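Single-letter residue listing:
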Amino acid sequence: MKELHVYNSYSRAKEKFEPLVPGHVGMYVCGPTVSGESHLGHARPYITFDLVYRYLTHLGYKVRYVRNITDAGHFEEEGREAEDKISKKAVIEKLEPMELVQKYTNLFHWAMDQFNTVPPSIEPTATGHIVEQIGMIQELIRQGYAYEINGSVYFDVRKYAEGHDYGKLSGRVIDEMLETTRELEGQDEKRNKADFALWKAAPPEHIMRWNSPWGEGFPGWHIECSAMATKYLGKQFDIHGGGMDLQFPHHESEIAQSTICNHTPPVRYWMHNNMITINGRKMGKSYNNVIRLTELFRGDHPELEKAYSPMTVRFFILQTHYRSTLDFGNEALQAAEKGLKRLMEAYEWLQKQPAADDAATVTPDNELEEKVTTLLASFADNMNDDFGTARVLASMFELVPVINGIKDKAIAPGTLSVATFTKLQQELKLWVEDIFGLRPETAADNDKLQGVMQVLINIRKDARARKDWGTSDAIRNQLAAIGIQLKDEKDGGMAWTIA
RNA sequence: GGUACCAUGGCCGAGUGGCUAGGCAGAGGUCUGCAAAACCUCGUACAGCAGUUCGAAUCUGCUUGGUACCUCCA
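### With respect to the overall build of chain A
Here comes step 1: In terms of regular secondary structure, chain A is built from 16 helices and 15 strands.
Here comes step 2: Dimensions of chain A, computed from the C-alpha atoms along their principal axes, are close to 90 × 50 × 35 Å.
Here comes step 3: Taking all 499 residues of chain A together, the buried fraction comes to 38%.

### Considerations on helix 4 (residues 130–142)
Residue pairs three or four apart in sequence face the same way in an α-helix, which turns once every 3.6 residues.
Here comes step 1: If you check helix 4, its first and last C-alpha atoms are 18 Å apart, about what 13 residues at 1.5 Å a residue would give, namely 18 Å.
Here comes step 2: Residues Gln133, Ile134, Met136, Ile137 and Leu140 constitute the buried set of helix 4. In a view along the axis of helix 4, the buried residues occupy a sector of 160°, so they form one face of it. Facing away from the buried side of helix 4, by more than 90 degrees, are the exposed residues Val131 and Arg142.

### Comments concerning the sheet that holds strand 12 (residues 281–282)
Here comes step 1: Overall, mixed pairing links the 3 strands, which are arranged 12-11-13 in an open sheet. Edge positions in the open sheet fall to strand 12 and strand 13 (326–328), since each of these has one partner strand only.
Here comes step 2: The sheet contact formed by strand 11 (residues 276–278) and strand 12 spans 2 bridges and is antiparallel. The residue of strand 12 that forms the bridge with Thr277 is Lys282.

### Things to note about the protein's contact with RNA strand B
Here comes step 1: In the vicinity of RNA strand B there are 62 residues, among which Gly41, Gly243, Lys282, Gly339 and Asp488 approach most closely.
Here comes step 2: Sort the elements by how many residues they give to the surface near RNA strand B and helix 13 (residues 389–407) lands first, with 9 residues.
Here comes step 3: A per-class count over the surface near RNA strand B returns 21 nonpolar, 22 polar and 19 charged.

Thresholds applied
- Residues numbered from 1 in each chain as written.
- Chains lettered and ligands numbered in written order.
- Predicted model: local features only at pLDDT ≥ 70, side-chain atom pairs only at ≥ 80, totals over all residues.
- Helix = DSSP H or I, 4+ residues; strand = E, 2+ residues; numbered from the N terminus.
- Buried ≥ 20, exposed ≤ 12 C-beta atoms within 10 Å, placed from the backbone.
- Expected span 1.5 Å × (residues − 1).
- Arc of directions from axis to C-beta.
- Pairing = 2+ DSSP bridges.
- Near = placed C-beta within 6 Å.
- Nonpolar A, V, L, I, M, F, W, Y, C, P; charged D, E, K, R; others polar.

Take it as geometry only, folks, not as evidence of what the structure does.
Next comes the structure, spelled out in structure tokens:
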């Protein structure tokens, strides 16, 4: 596709992307709740939307990317143990709530940096926008779509549904929701089961609390995103992203609140990434398979056979379309690790080549020229089709043998024209690093290690010159044992990589 | 129970009507002192049944199996 099309969860169809304001894109992505350490589930949406952000930027849009931090802690469903997750844990750990929030926010930022995601333009916190949230709730009450009871405020879903399409995004049928007979304790405050909280009166033991027109309490979960998105992106904006699990009730509620408050549907394009599974099962506390990112990078979890690097995970995620479920299995992860290594080694070699040292007289091979040109051009086409990262990576892999062929001289110098070779270098740099955010992970940027390796390589070269295979093999094998791989190259050189 | 979605070769995973993605693993070969790496060649897959069509992995129906959401969750 020549122009960007995105799949809109709201219409359930791919639509041509046209921003509200030409040249500018407003994008809101639901951020993490920082009541605990980031886990594997966080990797997918933020890497997915990092690609969206990078690609939109590449297309020339000025993108304002807003991703919140939910640090106020929201309550469980009424009737179950209503409690603020953050305040509960704070008591256990004997920490100030905000201290805990800060700790997990820092960890989240660290993990996102490991994944090489670009920080959002604005990262607003829920606690920093209590005023805006209260203002929005007041407006909802003023318009008669919210009601106060016992110091809490609820959104009147039944009334909203009379004039609006409540449930369209998530495919719910409003009547069924209202008629559901499942009785839950503590439901009595709400007029209808489908109503959701905008503000909750805080019980005495609740640590996080703010003054409001309705007494001391804390905001409902859904209102923060509506308030902050409105503040920073306007009453209507282009893209709202998040995990599929947020479609209901979170995003459905956002639509309802914002539509009433701002008299316009808030979002043009809803984008939802699909979920991940761990070795075929949903990741969840009950399965005991929630893998924290720190555990993932260290390989420190029963589900993991080994550690997987942040770039391996990033690459792995991008190898699948964002709307498909993705299973984190060891075999698949290891396949991704090896594939990424091959890709990046070819890429790094290519980037090190002088721009144009091609004085050879071989006639450029038209077939090869065409192949390279076509593959490079396909990158954008595939991205324009709802961010087809998997197909872009597949095309990159088709270029790997070309690059290695040039490297090994299997493809005669000059077979590819200077212009195309240069284009290959430049385009791959743009796509691999700038758009896909894949960066080399070699730990070889240590001068002293470089020096030591050079000493060993020199000794081994001498040994080989004397046909002293014993010494030569000993050096190679012992290095391999500690995870450093030596490769003899065709021209007599030696390269090494850390496995 | 309700509502969606999915079922592709050993594993993962693109692909929406004809032009056999890609990765990993595996087999053979080239190269190499031997390896490794790299490169070349090889797999004719699309849950089952029925139907639509000149033609289906791709459309329709049914069957079976799976997953997700409905509840804090990315």
